Amino acid sequence: MSTIYLIFLIIFNTFLICFVIYTVYANLSGAPYLPTRKKHVHTMLRLANVKKGEKLMDLGSGDGRIVLIAARQGIHATGIEINPVLYYWAQIKRIFQKDTQLITFKRENLWDVDLSDVDVLTLFFIKPKMDKLLKKIQTEMKPGSRVVSHIFTFDGWQHEKKHGTIYVYENKS
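What comes next concerns the included structure. (Residues numbered from 1 in each chain as written. Predicted model: local features only at pLDDT ≥ 70, side-chain atom pairs only at ≥ 80, totals over all residues. Heavy atoms only, no water.)

1. Examining the overall build of the chain
Logical step 1: The number of helices and strands found in the chain is five helices and seven strands.
Logical step 2: Listing every helix and strand of the chain by position from the N terminus yields α-α-β-α-β-α-β-β-α-β-β-β.
Logical step 3: The contacts in the chain between residues at least 6 apart in sequence include a share of 62% that link residues at least 24 apart.
Logical step 4: A total of about 9,400 Å² of accessible surface is found on the chain, and carbon and sulfur atoms cover 60% of it. (Helix = DSSP H or I, 4+ residues; strand = E, 2+ residues; numbered from the N terminus. Contact = heavy atoms within 4.5 Å. Areas by Shrake-Rupley, 256 points an atom, 1.4 Å probe, with all protein chains shown as cover.)

Encoded structure:
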């Protein structure tokens, strides 16, 4: 076996192991990585009525597609992702964007992120963790901020808008 091939195998397997470990962790703490279709991303941003100058945050940003599409619309967007493989993939994709000053990716646990200056929060979360996330949102996010959830809903919180499997909530507390 050639040295280059062996190095490639080691690097590939390291990334694969990291991806699997963090995928299991994500399933336990929030949600698995399932990329949102681009047409849904555009619908999410439209329904949330995100304006230039507002700050958008995507919890569990995966490959960064929501953040990158939002930045193309002039929105300052931050992606929070704990999986190092997805985080670095999003960083690579960021290089090819025009408005890189509007894009931030952070490799952090979403439960440790401060939501106080976020105007619009986007997410795909599993049902068992939605109650815990709702408490964080209502405690940290400012009144008038919006939360866009794809597929899953919050118990006891009435959405303001709905389109298919996309729900928009407004924080009134």
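2. Description of helix 4 (residues 84–95)
Logical step 1: An ideal rise of 1.5 Å per residue puts 16 Å on twelve residues; helix 4 measures up with 17 Å between its terminal C-alpha atoms.
Logical step 2: Inspection of helix 4 places P84, L86, Y87 and A90 among the buried residues, and these make up the whole buried set. All buried residues of helix 4 project into a common sector of 165 degrees when viewed along the axis, lining one side.
Logical step 3: Sitting at the head of helix 4, N83 places a side-chain oxygen 2.9 Å from the backbone nitrogen of V85. (Expected span 1.5 Å × (residues − 1). Buried < 20%, exposed > 50% of the residue type's maximum accessible area, 1.4 Å probe, protein only. Arc of directions from axis to C-beta. Polar contact = N/O pair within 3.5 Å; in protein donor to acceptor, adjacent residues only side chain to side chain.)

3. Some thoughts on unusual backbone geometry
Logical step 1: One non-glycine residue, N49, lies in positive phi territory at about 55 degrees.
Logical step 2: Looking at where N49 falls in the secondary structure, it is placed in the loop between helix 2 (38–48) and strand 1 (55–59).
Logical step 3: Classification of N49 by relative accessible area gives partly exposed; the value is 41%.
Logical step 4: With a phi close to 85 degrees, I151 is a non-glycine residue in the positive phi region.
Logical step 5: For I151, the location among the structural elements is in the loop between strand 5 (146–150) and strand 6 (161–163).

4. Observations concerning the packing of aromatic side chains
Logical step 1: Scanning the model with the defined rule gives six aromatic pairs in all.
Logical step 2: Relative to Y88, the ring of Y87 has its centre 4.9 Å away and its plane inclined at 75 degrees; by these criteria the two rings are edge-to-face.
Logical step 3: Y88 sits in the partly exposed class, given a relative accessible area of 46%.
Logical step 4: Directly above the ring of W111 sits K132, whose terminal nitrogen or CZ lies 4.2 Å from the centroid. (Phe/Tyr/Trp six-rings, centres within 6.5 Å; stacked < 30°, edge-to-face > 60°. Lys NZ or Arg CZ within 6 Å of the ring centre and 35° of its normal.)

5. Quick word on the pattern of salt bridges
Logical step 1: Overall, the coordinates contain eight salt bridges when judged by the stated rule.
Logical step 2: A salt bridge links K93 to D63; the nearest nitrogen and oxygen atoms lie 3.4 Å apart. One end of the pair, K93, is in helix 4; the other, D63, is in the loop between strand 1 and helix 3 (65–72), with 30 residues separating them in the sequence.
Logical step 3: Given a relative accessible area of 23%, K93 falls into the partly exposed group.
Logical step 4: Residue class for D63 comes out buried when judged on its relative accessible area of 5%.
Logical step 5: Salt-bridge contacts for D155 lead to K127; the nearest nitrogen and oxygen are separated by 3.1 Å. One end of the pair, D155, is in the loop between strand 5 and strand 6; the other, K127, is in helix 5 (residues 127–140), and 28 residues separate them in sequence.
Logical step 6: Each of D63, R65 and K93 takes part in salt bridges that share partners, so that together they form one network. (Salt bridge = Lys/Arg side-chain N within 4 Å of Asp/Glu carboxyl O.)

6. Considerations on helix 3
Logical step 1: Within helix 3, six of the eight residues are buried, which leaves it mostly tucked inside the rest of the structure.
Logical step 2: Every buried residue of helix 3 is accounted for by I66, V67, L68, I69, A70 and A71.
Logical step 3: In the core, the buried residues of helix 3 are packed alongside helix 2, strand 1, strand 2 (76–80), helix 4, strand 3 (103–106) and strand 4 (120–123).

7. Some details on a nonpolar patch on the surface
Logical step 1: On the surface, W89, I92, I95 and F96 cluster together into a nonpolar patch covering about 500 Å² of accessible area.
Logical step 2: By the secondary structure assignment, F96 is in the loop between helix 4 and strand 3. (Patch = residues over 30% accessible without salt bridge, like charges linked within 9 Å, V, L, I, M, F, W, Y side chains within 5 Å.)

8. Thoughts on the pairing of strand 7 (residues 166–170)
Logical step 1: When you tally the buried positions in strand 7, you get four out of five residues, the bulk of the element.
Logical step 2: Looking at chain direction, strand 5 and strand 7 are connected through five bridges and run antiparallel. Bridged to H150 within strand 7 is I166.
Logical step 3: Hairpin connection of strand 6 to strand 7: two residues between the antiparallel strands, including G164 at a positive phi of 60 degrees. (Pairing = 2+ DSSP bridges.)

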